[in-house]
Amino acid sequence: MNSDAFFECGICFYQGLAEDFTPVTASANLAALECPNCLNNDEDTFCEVTYEEKLAA
């Protein structure tokens, strides 16, 4: 995974770099992202935000 990639949580819409989504809870899947805001770790709900989408927001 590219650590410079920008991701958005599909549950609470928190956005940050991939390194911000490092799993911290004991039950988290270490191979998947985990939202630091809502602790969501369902990898299907995360989406990568492109540079153009960041500018539009």
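Fair warning: this is a prediction, and the values are worked out from it, not measured in the lab.

A. Geometry of the side chain of Asn 40. Of note, Asn 40 is situated in the loop between strand E2 (15–17) and strand E3 (47–49). Taking the relative accessible area as the measure of exposure, Asn 40 reaches 12% and is therefore buried. A distance of 2.8 Å separates the side chain of Asn 40 from the side chain of Thr 45, its partner in a polar contact.

B. Main features of the sheet that holds E2. Strand order in this open sheet of three strands is E2-E1-E3, and the pairing throughout is antiparallel. Each of the sheet's edge strands pairs with one partner strand only, and the pair in question is E2 and E3. On average, each strand axis in the sheet is inclined to that of its neighbour by 40°, with strand direction left out of account. The pairing of strand E1 (residues 6–8) with E2 spans three bridges and is classified as antiparallel. Across the sheet, the residue bridging to Phe 7 is Gly 16, located in E2.

C. Local environment of the state of the cysteines. Tallied over the full model, the rule gives zero disulfides. The structure places no disulfide on Cys 12, whose sulfur is separated from the nearest cysteine sulfur, that of Cys 35, by 3.6 Å. Looking at Cys 12, the relative accessible area reads 26%, which means it is partly exposed.

Conventions adopted
- Residues numbered from 1 in each chain as written.
- Predicted model: local features only at pLDDT ≥ 70, side-chain atom pairs only at ≥ 80, totals over all residues.
- Heavy atoms only, no water.
- Helix = DSSP H or I, 4+ residues; strand = E, 2+ residues; numbered from the N terminus.
- Buried < 20%, exposed > 50% of the residue type's maximum accessible area, 1.4 Å probe, protein only.
- Polar contact = N/O pair within 3.5 Å; in protein donor to acceptor, adjacent residues only side chain to side chain.
- Pairing = 2+ DSSP bridges.
- Axes fitted to C-alpha atoms, helices over the stretch in contact; angles between N-to-C directions.
- Disulfide = S-S within 2.5 Å.

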